[in-house]
Amino acid sequence: MSTLDYEQAGVNRDLADRFVEKIARLSKVTLNSRVKASIGGYASLFALNPKQWLAASTDGVGTKLKLAFQLGIHHSVGIDLVAMSVNDLLCVGAEPLFFLDYFATGRIQKEVAEQVISGVVEGCRQASCALVGGETAEMPDFYASGEYDLAGFAVGLVHPSQVLPRKKVGPGDVLIGLRSSGCHSNGYSLLRKLIADPVEEEARMRELLTPTRIYVKALAPLLKLKALKGLAHITGSGFLNLPRISDRVSYEVNLPPASQRPGIFEWVRDRSQLSLEERAQTFNLGVGMILVVEAKKAADVLKKLKRSGEKAWILGEVVKKRAKAGSEIFLKEDQNSVTLRYS
(Lines give C-alpha, C1' and ligand atoms only; values in the text may rest on other atoms or scores of the structure.)
Protein backbone atom coordinates (compact mmCIF):
# COMPACT_ATOMS: atom_id res chain seq x y z
CA MET A 1 0.00 0.00 0.00
CA SER A 2 1.33 3.46 -0.90
CA THR A 3 1.86 6.06 1.80
CA LEU A 4 -1.38 7.72 2.93
CA ASP A 5 -1.26 10.66 5.30
CA TYR A 6 -4.02 12.16 7.45
CA GLU A 7 -4.83 14.98 5.04
CA GLN A 8 -5.20 12.53 2.14
CA ALA A 9 -7.59 10.59 4.38
CA GLY A 10 -9.78 13.71 4.49
CA VAL A 11 -8.66 15.47 7.68
CA ASN A 12 -7.15 18.98 7.51
CA ARG A 13 -5.54 19.65 10.91
CA ASP A 14 -4.40 23.17 10.04
CA LEU A 15 -7.90 24.21 8.96
CA ALA A 16 -9.39 22.72 12.13
CA ASP A 17 -6.89 24.63 14.29
CA ARG A 18 -7.70 27.90 12.53
CA PHE A 19 -11.41 27.25 13.02
CA VAL A 20 -10.93 26.78 16.78
CA GLU A 21 -8.99 30.05 16.90
CA LYS A 22 -11.88 31.78 15.12
CA ILE A 23 -14.41 30.37 17.60
CA ALA A 24 -12.22 31.56 20.49
CA ARG A 25 -12.19 35.11 19.09
CA LEU A 26 -15.96 35.11 18.56
CA SER A 27 -16.67 33.76 22.04
CA LYS A 28 -14.82 36.55 23.86
CA VAL A 29 -17.93 38.75 23.99
CA THR A 30 -19.67 36.07 26.11
CA LEU A 31 -16.97 35.75 28.78
CA ASN A 32 -16.89 37.33 32.23
CA SER A 33 -14.47 37.49 35.15
CA ARG A 34 -15.57 34.08 36.47
CA VAL A 35 -14.27 32.34 33.34
CA LYS A 36 -10.70 31.34 34.22
CA ALA A 37 -9.87 29.35 31.07
CA SER A 38 -11.85 29.05 27.89
CA ILE A 39 -11.67 27.64 24.35
CA GLY A 40 -8.38 26.07 23.29
CA GLY A 41 -7.39 24.21 26.45
CA TYR A 42 -8.17 20.66 27.49
CA ALA A 43 -11.13 21.94 29.52
CA SER A 44 -12.70 25.28 30.36
CA LEU A 45 -12.63 26.59 33.93
CA PHE A 46 -15.34 28.60 35.67
CA ALA A 47 -15.12 29.99 39.23
CA LEU A 48 -18.08 28.66 41.20
CA ASN A 49 -16.71 30.34 44.33
CA PRO A 50 -13.21 31.26 45.62
CA LYS A 51 -12.45 27.66 46.62
CA GLN A 52 -14.20 25.71 43.88
CA TRP A 53 -13.79 25.96 40.12
CA LEU A 54 -15.85 23.96 37.68
CA ALA A 55 -14.10 22.32 34.73
CA ALA A 56 -16.04 21.39 31.59
CA SER A 57 -15.12 19.41 28.52
CA THR A 58 -16.94 17.99 25.49
CA ASP A 59 -15.96 15.52 22.79
CA GLY A 60 -17.21 12.77 20.50
CA VAL A 61 -15.94 9.45 19.18
CA GLY A 62 -15.37 10.48 15.57
CA THR A 63 -15.20 8.09 12.64
CA LYS A 64 -14.38 5.19 14.95
CA LEU A 65 -18.17 4.88 14.95
CA LYS A 66 -17.95 3.62 11.35
CA LEU A 67 -16.22 0.46 12.61
CA ALA A 68 -18.94 -0.01 15.21
CA PHE A 69 -21.56 0.18 12.45
CA GLN A 70 -19.68 -2.33 10.28
CA LEU A 71 -19.17 -4.86 13.07
CA GLY A 72 -22.44 -4.33 14.91
CA ILE A 73 -20.51 -3.74 18.15
CA HIS A 74 -21.73 -0.66 20.00
CA HIS A 75 -20.78 -1.08 23.68
CA SER A 76 -17.15 0.01 23.41
CA VAL A 77 -17.83 3.40 21.78
CA GLY A 78 -19.85 4.43 24.82
CA ILE A 79 -16.71 3.95 26.93
CA ASP A 80 -14.74 6.00 24.37
CA LEU A 81 -17.27 8.80 24.66
CA VAL A 82 -16.73 9.16 28.40
CA ALA A 83 -12.97 8.66 28.21
CA MET A 84 -12.26 11.45 25.76
CA SER A 85 -13.86 14.08 28.01
CA VAL A 86 -12.90 12.86 31.50
CA ASN A 87 -9.25 12.39 30.51
CA ASP A 88 -9.25 16.01 29.37
CA LEU A 89 -10.64 17.11 32.75
CA LEU A 90 -7.67 15.44 34.45
CA CYS A 91 -5.31 17.64 32.43
CA VAL A 92 -6.57 20.75 34.25
CA GLY A 93 -6.39 18.96 37.60
CA ALA A 94 -10.13 18.34 37.95
CA GLU A 95 -11.98 15.39 39.43
CA PRO A 96 -14.92 14.33 37.19
CA LEU A 97 -18.31 14.87 38.83
CA PHE A 98 -20.93 14.08 36.23
CA PHE A 99 -21.49 13.32 32.56
CA LEU A 100 -24.21 13.89 29.96
CA ASP A 101 -24.56 12.26 26.56
CA TYR A 102 -26.17 13.13 23.22
CA PHE A 103 -27.29 10.25 20.99
CA ALA A 104 -28.65 11.15 17.53
CA THR A 105 -29.92 8.73 14.89
CA GLY A 106 -32.33 8.48 11.99
CA ARG A 107 -34.46 5.83 13.63
CA ILE A 108 -33.95 4.49 17.15
CA GLN A 109 -32.98 0.82 17.24
CA LYS A 110 -33.57 -0.22 20.82
CA GLU A 111 -30.88 -2.92 20.98
CA VAL A 112 -28.22 -0.64 19.48
CA ALA A 113 -29.08 2.31 21.72
CA GLU A 114 -29.02 0.10 24.80
CA GLN A 115 -25.54 -1.17 23.88
CA VAL A 116 -24.25 2.37 23.45
CA ILE A 117 -25.70 3.63 26.73
CA SER A 118 -24.46 0.55 28.61
CA GLY A 119 -20.98 1.52 27.42
CA VAL A 120 -21.49 5.09 28.62
CA VAL A 121 -22.53 3.70 32.01
CA GLU A 122 -19.41 1.53 32.13
CA GLY A 123 -17.24 4.51 31.22
CA CYS A 124 -18.81 6.59 33.99
CA ARG A 125 -18.23 3.73 36.43
CA GLN A 126 -14.54 3.62 35.47
CA ALA A 127 -14.32 7.41 35.81
CA SER A 128 -16.19 7.48 39.15
CA CYS A 129 -18.64 10.06 37.82
CA ALA A 130 -22.42 10.13 37.61
CA LEU A 131 -24.40 9.86 34.37
CA VAL A 132 -26.99 12.53 35.17
CA GLY A 133 -28.81 12.91 31.87
CA GLY A 134 -28.61 13.43 28.15
CA GLU A 135 -30.58 13.75 24.95
CA THR A 136 -31.79 11.20 22.43
CA ALA A 137 -32.63 12.71 19.04
CA GLU A 138 -34.48 10.78 16.33
CA MET A 139 -34.06 12.55 12.97
CA PRO A 140 -35.48 10.63 10.00
CA ASP A 141 -33.66 11.16 6.68
CA PHE A 142 -30.75 12.88 8.43
CA TYR A 143 -28.62 9.79 9.18
CA ALA A 144 -28.07 6.72 7.02
CA SER A 145 -29.93 3.62 8.13
CA GLY A 146 -28.23 1.98 11.12
CA GLU A 147 -25.95 4.95 11.82
CA TYR A 148 -25.83 7.40 14.72
CA ASP A 149 -23.61 10.09 16.22
CA LEU A 150 -22.50 10.68 19.79
CA ALA A 151 -21.37 13.64 21.85
CA GLY A 152 -20.41 13.73 25.51
CA PHE A 153 -20.17 16.47 28.12
CA ALA A 154 -18.21 16.11 31.38
CA VAL A 155 -18.06 18.48 34.33
CA GLY A 156 -15.50 18.30 37.11
CA LEU A 157 -14.34 20.21 40.18
CA VAL A 158 -10.93 21.60 41.10
CA HIS A 159 -9.57 23.83 43.85
CA PRO A 160 -7.78 26.86 42.34
CA SER A 161 -4.53 25.79 44.02
CA GLN A 162 -4.66 22.43 42.23
CA VAL A 163 -5.22 23.66 38.69
CA LEU A 164 -2.85 22.22 36.08
CA PRO A 165 -0.50 22.94 34.51
CA ARG A 166 1.60 24.59 37.19
CA LYS A 167 3.60 27.63 36.14
CA LYS A 168 6.95 26.26 37.28
CA VAL A 169 7.28 23.54 34.63
CA GLY A 170 10.93 23.78 33.66
CA PRO A 171 14.07 22.03 32.43
CA GLY A 172 14.93 18.92 34.42
CA ASP A 173 11.34 17.94 35.12
CA VAL A 174 10.68 14.31 34.25
CA LEU A 175 8.17 12.96 31.72
CA ILE A 176 6.26 9.80 32.66
CA GLY A 177 4.10 8.05 30.09
CA LEU A 178 1.05 5.88 30.68
CA ARG A 179 0.38 3.04 28.27
CA SER A 180 -2.61 3.48 25.99
CA SER A 181 -5.02 0.66 25.17
CA GLY A 182 -4.51 1.24 21.45
CA CYS A 183 -5.45 4.00 19.03
CA HIS A 184 -8.06 5.36 21.47
CA SER A 185 -10.37 7.61 19.39
CA ASN A 186 -8.00 9.44 17.05
CA GLY A 187 -6.82 8.86 13.51
CA TYR A 188 -9.71 6.67 12.41
CA SER A 189 -10.34 8.44 9.13
CA LEU A 190 -6.87 7.19 8.20
CA LEU A 191 -7.02 3.84 10.03
CA ARG A 192 -10.18 2.75 8.26
CA LYS A 193 -8.50 3.30 4.89
CA LEU A 194 -5.73 0.89 5.92
CA ILE A 195 -8.21 -2.00 6.08
CA ALA A 196 -7.79 -3.70 2.70
CA ASP A 197 -10.42 -6.42 3.15
CA PRO A 198 -13.05 -5.99 5.91
CA VAL A 199 -13.98 -9.69 5.77
CA GLU A 200 -10.43 -11.03 6.06
CA GLU A 201 -9.39 -8.34 8.53
CA GLU A 202 -12.35 -8.49 10.89
CA ALA A 203 -10.06 -9.38 13.81
CA ARG A 204 -8.02 -6.23 13.10
CA MET A 205 -11.18 -4.13 12.99
CA ARG A 206 -12.24 -5.54 16.34
CA GLU A 207 -8.81 -4.64 17.73
CA LEU A 208 -9.28 -1.09 16.47
CA LEU A 209 -12.53 -0.92 18.47
CA THR A 210 -10.62 -1.38 21.75
CA PRO A 211 -12.01 1.41 23.96
CA THR A 212 -9.97 4.40 25.11
CA ARG A 213 -8.31 3.90 28.47
CA ILE A 214 -9.74 5.99 31.30
CA TYR A 215 -7.00 7.24 33.66
CA VAL A 216 -9.11 8.73 36.46
CA LYS A 217 -8.54 6.08 39.13
CA ALA A 218 -4.78 6.12 38.60
CA LEU A 219 -4.34 9.89 38.44
CA ALA A 220 -6.94 11.25 40.89
CA PRO A 221 -4.87 10.28 43.98
CA LEU A 222 -1.79 11.96 42.48
CA LEU A 223 -3.78 15.12 41.80
CA LYS A 224 -4.91 15.25 45.43
CA LEU A 225 -1.28 14.89 46.56
CA LYS A 226 -0.24 17.73 44.20
CA ALA A 227 2.38 15.33 42.83
CA LEU A 228 1.97 16.47 39.21
CA LYS A 229 3.11 19.66 37.48
CA GLY A 230 1.30 18.98 34.22
CA LEU A 231 -0.61 16.41 32.17
CA ALA A 232 -0.94 15.96 28.42
CA HIS A 233 -3.70 13.78 27.00
CA ILE A 234 -2.20 12.41 23.77
CA THR A 235 -5.20 12.66 21.46
CA GLY A 236 -5.68 14.61 18.21
CA SER A 237 -2.34 16.02 16.97
CA GLY A 238 -0.49 13.30 18.88
CA PHE A 239 2.65 14.43 20.69
CA LEU A 240 2.07 18.05 19.71
CA ASN A 241 -0.19 18.05 22.77
CA LEU A 242 2.87 18.28 25.03
CA PRO A 243 3.44 22.06 24.60
CA ARG A 244 -0.13 22.58 25.80
CA ILE A 245 1.43 22.00 29.24
CA SER A 246 3.92 24.80 28.58
CA ASP A 247 5.22 26.29 25.35
CA ARG A 248 8.04 28.05 27.21
CA VAL A 249 10.07 24.83 27.18
CA SER A 250 10.78 21.86 24.90
CA TYR A 251 10.49 18.12 25.49
CA GLU A 252 12.69 15.07 24.94
CA VAL A 253 10.66 11.87 24.51
CA ASN A 254 12.06 8.38 24.05
CA LEU A 255 9.28 5.94 23.23
CA PRO A 256 9.38 2.56 25.00
CA PRO A 257 10.28 -0.50 22.91
CA ALA A 258 7.54 -1.61 20.51
CA SER A 259 7.19 -4.85 22.50
CA GLN A 260 5.92 -2.83 25.48
CA ARG A 261 3.35 -0.86 23.48
CA PRO A 262 0.11 -2.05 21.83
CA GLY A 263 0.95 -4.08 18.73
CA ILE A 264 -1.52 -2.16 16.60
CA PHE A 265 1.07 0.58 16.09
CA GLU A 266 3.51 -1.77 14.37
CA TRP A 267 0.68 -2.70 11.98
CA VAL A 268 -0.06 1.00 11.38
CA ARG A 269 3.61 1.70 10.65
CA ASP A 270 4.01 -1.25 8.28
CA ARG A 271 0.67 -0.90 6.50
CA SER A 272 0.69 2.89 6.08
CA GLN A 273 4.41 3.46 5.44
CA LEU A 274 3.96 6.80 7.19
CA SER A 275 6.98 8.68 8.47
CA LEU A 276 7.57 8.88 12.22
CA GLU A 277 6.76 12.60 11.99
CA GLU A 278 3.30 11.96 10.52
CA ARG A 279 2.54 9.08 12.89
CA ALA A 280 3.63 11.11 15.92
CA GLN A 281 1.27 13.95 14.93
CA THR A 282 -1.68 11.62 14.37
CA PHE A 283 -1.52 8.77 16.90
CA ASN A 284 -0.56 8.24 20.54
CA LEU A 285 1.92 5.49 19.52
CA GLY A 286 1.12 3.57 22.71
CA VAL A 287 1.33 6.49 25.17
CA GLY A 288 -2.11 7.77 26.15
CA MET A 289 -1.13 10.30 28.81
CA ILE A 290 2.12 12.05 29.72
CA LEU A 291 2.82 13.39 33.21
CA VAL A 292 5.31 16.09 34.16
CA VAL A 293 6.77 15.64 37.64
CA GLU A 294 9.71 16.98 39.61
CA ALA A 295 12.77 14.77 39.22
CA LYS A 296 12.88 14.00 42.95
CA LYS A 297 9.27 12.74 42.85
CA ALA A 298 9.51 10.67 39.66
CA ALA A 299 10.39 7.32 41.27
CA ASP A 300 7.60 7.59 43.83
CA VAL A 301 5.01 8.62 41.23
CA LEU A 302 6.08 5.74 38.98
CA LYS A 303 5.72 3.31 41.88
CA LYS A 304 2.22 4.59 42.72
CA LEU A 305 1.11 4.30 39.07
CA LYS A 306 2.28 0.71 38.84
CA ARG A 307 0.53 -0.14 42.11
CA SER A 308 -2.69 1.23 40.60
CA GLY A 309 -2.37 -1.20 37.68
CA GLU A 310 -0.97 1.16 35.06
CA LYS A 311 1.87 0.30 32.71
CA ALA A 312 4.11 3.37 33.01
CA TRP A 313 7.56 4.44 31.85
CA ILE A 314 9.96 7.34 32.31
CA LEU A 315 10.04 8.76 28.77
CA GLY A 316 12.45 11.67 29.06
CA GLU A 317 12.51 15.19 30.40
CA VAL A 318 11.63 18.81 29.92
CA VAL A 319 14.49 20.76 28.32
CA LYS A 320 15.31 24.39 27.66
CA LYS A 321 14.11 25.82 24.37
CA ARG A 322 16.71 26.39 21.71
CA ALA A 323 17.58 30.01 20.96
CA LYS A 324 15.12 31.66 18.57
CA ALA A 325 13.06 28.45 18.40
CA GLY A 326 9.54 27.72 19.54
CA SER A 327 8.54 24.80 21.73
CA GLU A 328 9.78 21.52 20.22
CA ILE A 329 9.36 17.82 20.87
CA PHE A 330 12.47 15.75 20.21
CA LEU A 331 10.94 12.29 19.79
CA LYS A 332 12.81 9.02 19.35
CA GLU A 333 11.41 5.62 18.37
CA ASP A 334 14.01 2.85 18.23
CA GLN A 335 16.72 4.18 15.90
CA ASN A 336 14.50 6.83 14.32
CA SER A 337 14.07 10.38 15.59
CA VAL A 338 12.10 13.45 14.61
CA THR A 339 11.65 17.03 15.81
CA LEU A 340 8.06 18.22 16.04
CA ARG A 341 7.57 21.98 16.14
CA TYR A 342 4.65 23.56 17.94
CA SER A 343 3.15 26.79 16.67
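Heads up: the structure comes first, above all this text.
All values reported here derive from a predicted model rather than from experimental measurement.

Draft legend 1. Layout of the overall build of the chain. When its secondary structure is counted, the chain shows ten helices and 13 strands. Taken over C-alpha atoms, the radius of gyration comes to 20 Å for the chain, in line with the 20 Å a tight globule of 343 residues would show. A principal-axis box enclosing the C-alpha atoms of the chain has dimensions of 55 × 50 × 45 Å. Burial statistics for the chain: of 343 residues in total, 48% are counted as buried. Nonlocal contacts in the chain, meaning residues at least 24 apart in sequence, comprise 83% of its contacts between residues at least 6 apart. Surface accessibility of the chain: about 16,100 Å² in total, with carbon and sulfur atoms responsible for 51%.

Draft legend 2. Seen up close, the sheet that holds strand 4 (residues 95–105). Ordered in space as 1-2-3-6-4-5, the six strands form an open sheet in which the pairing is mixed. A single partner strand is all that each edge strand has here, and the edge strands are strand 1 (35–37) and strand 5 (130–138). Between one strand and the next, the sheet's axes are offset by a mean angle of 25 degrees, whatever the strand orientation. Pairing between strand 2 (residues 44–49) and strand 3 (residues 52–60): five bridges, direction antiparallel. Bridging from a neighbouring strand, phenylalanine 46 pairs with leucine 54 of strand 3. Of the strands in this sheet, strand 4, strand 5 and strand 6 (148–158) are in contact with helix 4 (residues 110–127), which crosses strand 4 at around 170 degrees.

Draft legend 3. Region of interest: the sheet that holds strand 7 (residues 174–179). Pairing within the open sheet is mixed, and its seven strands lie in the order 8-10-7-11-9-12-13. Because the sheet does not close on itself, it has two edges, and the strands there are strand 8 (230–233) and strand 13 (336–341). Across the sheet, the mean angle from the axis of one strand to that of its neighbour is 20 degrees, orientation sign disregarded. Taken strand by strand, helix 7 (residues 216–224) contacts strand 7, strand 8 and strand 10 (287–293), and its axis lies near 15 degrees from that of strand 10.

Draft legend 4. Inspection of the pairing of strand 9 (residues 250–254) at higher detail. For strand 9 and strand 11 (residues 312–319), the ladder comprises four bridges, and the chain directions are antiparallel. Bridging from a neighbouring strand, valine 253 pairs with glycine 316 of strand 11. Of the strand pairs in this sheet, strand 9 and strand 12 (residues 328–333) are connected by four bridges, and their pairing is parallel. Looking across to strand 12, one finds that glutamate 252 is bridged to phenylalanine 330.

Draft legend 5. The packing of aromatic side chains, seen in detail. Applying the stated criterion across every chain, the model contains three aromatic pairs. Geometrically, the ring pair formed by phenylalanine 103 and tyrosine 148 is stacked, given 5.2 Å between the ring centres and 25 degrees between the ring planes. Within this pair, whereas phenylalanine 103 is found in strand 4, its partner tyrosine 148 is found in strand 6, the two being separated by 45 residues in sequence. The buried category is assigned to phenylalanine 103, whose relative accessible area is 4%. A residue is classified by how much of its surface remains accessible, and tyrosine 148, at 4% relative accessible area, is buried. Note on phenylalanine 142 and tyrosine 143: the rings are 5.2 Å apart at their centroids and 65 degrees apart in plane angle, and the pair reads as edge-to-face. Classification of tyrosine 143 by relative accessible area gives partly exposed; the value is 22%. Here arginine 244 stacks its cationic end above the ring of tyrosine 42, 3.8 Å away from the centre of that ring.

Draft legend 6. Region of interest: the pairing of strand 13. When strand 12 meets strand 13, the two strands line up antiparallel, connected through six bridges. Looking across to strand 13, one finds that glutamate 333 is bridged to asparagine 336. Between strand 12 and strand 13, which pair antiparallel in sequence order, lie two residues; one of them, aspartate 334, sits at a positive phi of approximately 55 degrees.

Draft legend 7. Structural detail: helix 2 (residues 64–71). Most of helix 2 is tucked away: six of the eight residues are buried. Among all positions in helix 2, only Lys64, Leu65, Leu67, Ala68, Phe69 and Leu71 are buried. The inward-facing, buried residues of helix 2 abut helix 3 (75–90), strand 6, helix 5 (188–191) and helix 6 (202–208). Within two residues after helix 2, glycine 72 carries a phi angle of roughly 70 degrees, on the positive side.

Draft legend 8. The arrangement of the side chain of serine 180 in detail. The topology assignment puts serine 180 in the loop between strand 7 and helix 5. One polar contact links the side chain of serine 180 to the main-chain carbonyl oxygen of glycine 182, over a distance of 3.1 Å. Not counting the four nearest positions on each side in its chain, serine 180 is found in contact with Tyr215, Pro262, Phe265, Asn284, Gly286, Val287 and Gly288.

Draft legend 9. Main features of helix 3. The end-to-end C-alpha distance of helix 3, which contains 16 residues, comes to 24 Å, matching closely the 22 Å that a straight helix rising 1.5 Å per residue would cover. Within helix 3, 15 of the 16 residues are buried, which leaves it mostly tucked inside the rest of the structure.

So, how was this worked out
- Residues numbered from 1 in each chain as written.
- Predicted model: local features only at pLDDT ≥ 70, side-chain atom pairs only at ≥ 80, totals over all residues.
- Heavy atoms only, no water.
- Helix = DSSP H or I, 4+ residues; strand = E, 2+ residues; numbered from the N terminus.
- Rg over C-alpha atoms; globule rule 2.2 N^0.38 Å.
- Buried < 20%, exposed > 50% of the residue type's maximum accessible area, 1.4 Å probe, protein only.
- Contact = heavy atoms within 4.5 Å.
- Areas by Shrake-Rupley, 256 points an atom, 1.4 Å probe, with all protein chains shown as cover.
- Pairing = 2+ DSSP bridges.
- Axes fitted to C-alpha atoms, helices over the stretch in contact; angles between N-to-C directions.
- Phe/Tyr/Trp six-rings, centres within 6.5 Å; stacked < 30°, edge-to-face > 60°.
- Lys NZ or Arg CZ within 6 Å of the ring centre and 35° of its normal.
- Polar contact = N/O pair within 3.5 Å; in protein donor to acceptor, adjacent residues only side chain to side chain.
- Expected span 1.5 Å × (residues − 1).

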